[in-house]
Amino acid sequence: MAVVTDRQYRQILSTALAERSSGIEDLVSDSNPLFNVIRRKGRMRSFSGPEIRQTLQINKQEAQWARGYDFLQNPPIELWNDAVWTPKAVYVPVSLTGQEIRANQGANQVFDIVDGTLEAAENALVDAFDEALHGDGTADGGKAIIGLGGAVPIITNTGIYGGINRANVAMWRTSTFDADTDFPDIGTQVDATTIRPMISRIMSQRSRGNRAADLLIMSEEHYWAYDAATTSIQRIAREDSLAAMGFSSIEYVGGGKRAEIVLASGLNSNMPSNTTYGLETRSLALRYREGFNFATLFDGDGQMPINQDAIAQFIGWEGELCLTNPLFTWRFIDSDPLT
């Protein structure tokens, strides 16, 4: 017989877990603008199997102009290859001792302790995701997802991403622009005078046709410089934009391109200072394992150790953030903001 004899209280925990674990995705979305945009644009996609694969076009055929009896060339070329990511998993524990449950018997008290425990677990998972989405994948011995720090690195021609060596494959590199060195005719500091022409030049250089960054995630220094560079009539915010979701957000319009600009800051922010990420969101996907997208690890009430008076459960997620076309995604930094 279970030490916690009244099954009703264990069922309260399992029911609350089932209801609230699905809502954790909302909490992460409400706290991280990148996650919010990926979710809103339908870029959360499931996968199955031991690894995440994305087929890439790595070459193209050459068109030929010909006349009469000219020979038509048909050389063998390799058109396709795969980028491969290893899925990463994150877990947050949820546990209650039998003593805690017995001390809080009575429906209202049990709901209070369960709600408090789950709220703490939810906050832990939200914080872990925010840190990972800005990280480079080296946290916890390389067990974390590869966030923007690794997908859009400062040094673009080194390292392996998606199983492809950036040193050997130029088309697999994002771009980095430094305000201190790359815009001598505009200036060497990011301020209200320089930021808009700098961003416009980057957008024009890293676009083709309708392909360009459509989400600019800015640190405080860059966001407030851009905000100061615009008049109130130029601060555009669409109804379906991040501003409508509660984030500090305006819109960039220039050179025939439009992009949402969102402020990534706040208490214990993981956004690097003096940085803007320019992201083409159609090239980004948050891949998650089918059936394990903020889900409970164990079925039912959870696990009860045979020699402990407790109930244990985990809420988890498994997957990876995948950038599948780096050409239109970039990073803008100010390596020396004082000069």
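For the structure, check the block above.
I will try to describe carefully the structure that is included in this document. None of these values were measured; they are calculated from a predicted model. (Residues numbered from 1 in each chain as written. Predicted model: local features only at pLDDT ≥ 70, side-chain atom pairs only at ≥ 80, totals over all residues. Heavy atoms only, no water.)

Points about the overall build of the protein chain
A count of helices and strands for the protein chain gives nine helices and 14 strands. When the 339 residues of the protein chain are sorted by exposure, 45% land in the buried category. Here the protein chain displays about 17500 Å² of accessible surface, and carbon together with sulfur accounts for 49% of that area. (Helix = DSSP H or I, 4+ residues; strand = E, 2+ residues; numbered from the N terminus. Buried < 20%, exposed > 50% of the residue type's maximum accessible area, 1.4 Å probe, protein only. Areas by Shrake-Rupley, 256 points an atom, 1.4 Å probe, with all protein chains shown as cover.)

Digging into the sheet that holds strand β11 (residues 275-279)
The six strands are arranged β7-β14-β11-β8-β10-β9 in an open sheet whose pairing can be described as mixed. Each of the sheet's edge strands pairs with one partner strand only, and the pair in question is β7 (175-178) and β9 (249-254). Averaged over all adjacent pairs, the angle separating strand axes in this sheet is 20°, with direction ignored. In the packing of helix α3 (residues 33-40) onto the sheet, contacts are made with β8 (215-218), β10 (257-263) and β11, and the angle to β8 comes to roughly 165°. (Pairing = 2+ DSSP bridges. Axes fitted to C-alpha atoms, helices over the stretch in contact; angles between N-to-C directions. Contact = heavy atoms within 4.5 Å.)

Details of the sheet that holds strand β13 (residues 310-323)
Adjacent strands of a sheet form backbone hydrogen bonds with each other and so pair up, either parallel or antiparallel. In spatial order, the strands read β1-β12-β13-β4; together these four strands make up an open sheet with mixed pairing. The sheet terminates laterally at β1 (44-47) and β4 (88-97), the two strands that pair on one side only. With strand direction ignored, the average angle separating the axes of adjacent strands in the sheet is 30°. Here β1 runs beside strand β12 (residues 284-296); their pairing, made up of four bridges, is parallel. For Arg-45, the partnering residue across the bridge sits in β12 and is Arg-287. On the sheet, α3 packs against β1, β12 and β13 and is oriented at approximately 90° with respect to β12.

Let's talk about the pattern of salt bridges
Tallied over the entire structure, the rule returns nine salt bridges. With a closest N to O distance of 2.4 Å, Asp-214 and Lys-41 form a salt bridge. Placement of the pair is Asp-214 in the loop between α8 (195-205) and β8 and Lys-41 in the loop between α3 and β1, with a sequence separation of 173 residues. The class of Asp-214 is buried, set by a relative accessible area of 18%. (Salt bridge = Lys/Arg side-chain N within 4 Å of Asp/Glu carboxyl O.)

Some details on the packing of aromatic side chains
Under the criterion given, the structure shown has 14 aromatic pairs. For the ring pair Trp-85 and Tyr-161, a centre distance of 5.6 Å and an interplane angle of 75° mean the geometry is edge-to-face. Linking Trp-85 in strand β3 (residues 80-85) with Tyr-161 in strand β5 (residues 160-161), this pair joins segments that are 76 residues apart in sequence. The pair formed by Trp-85 and Tyr-161 is uniform in burial state, with each residue classed as buried. Relative to Trp-172, the ring of Trp-85 lies with its centre 6.5 Å away and its plane at 45°, an arrangement referred to as tilted. A residue pair is termed long-range when its members are at least 10 positions apart, and Trp-85 in strand β3 and Trp-172 in the loop between β6 (164-165) and β7 qualify at 87 residues. What makes Trp-85 buried here is its relative accessible area of 3%. (Phe/Tyr/Trp six-rings, centres within 6.5 Å; stacked < 30°, edge-to-face > 60°.)

Let's talk about the pairing of β10
The element β10 is largely enclosed, with a buried count of six among its seven residues. Here six bridges tie β9 to β10, and the two strands are oriented antiparallel to one another. Looking at β10, one finds that Ser-249 is bridged to Val-262. As consecutive antiparallel partners, β9 and β10 are separated by two residues, and within that stretch Gly-255 has a phi angle of approximately 60°, a positive value.

Some points on the nonpolar core
Generally speaking, a soluble globular protein has its nonpolar side chains buried in company with each other. Residues Leu-34, Ile-217, Leu-279 and Leu-286 are the most contacted members of the largest nonpolar core, which totals 42 residues. Of the residues forming this core, the biggest block, six residues, is contributed by helix α5 (residues 107-134). Excluding its chain neighbours within four sequence positions, the residues that come into contact with Leu-286 are Phe-35, Ile-38, Arg-43, Met-44, Arg-45, Phe-129, Trp-317, Glu-320 and Leu-321. Residues Met-198, Met-218, Tyr-223 and Tyr-226 belong to the second largest nonpolar core, which totals 22 residues. (Core = buried A, V, L, I, M, F, W, Y, C linked by side-chain atoms within 4.5 Å.)

Describing α8
Taken together, the buried positions of α8 are Ile-195, Met-198, Ile-199, Ile-202 and Met-203. Buried residues in α8, looked at end-on, bunch into an arc of 135°, giving them a common side. Where α8 is buried, its residues touch β7, β8, α9 (220-229), β9, β10 and β14 (330-333). (Arc of directions from axis to C-beta.)

A look at the environment of Tyr-226
Checked against the element boundaries, Tyr-226 lands in helix α9. Take Tyr-226: its relative accessible area is 1%, and that puts it in the buried class. Sequence separation between Tyr-226 and Ile-199 is 27 residues; the distance between their C-alpha atoms is 9.5 Å. Setting aside residues up to four positions removed in sequence, Tyr-226 forms contacts with Ile-195, Arg-196, Met-218, Ile-250, Tyr-252 and Ile-261. Here the side chain of Tyr-226 touches Arg-196 through a polar contact of 2.6 Å, side chain to side chain. (Polar contact = N/O pair within 3.5 Å; in protein donor to acceptor, adjacent residues only side chain to side chain.)

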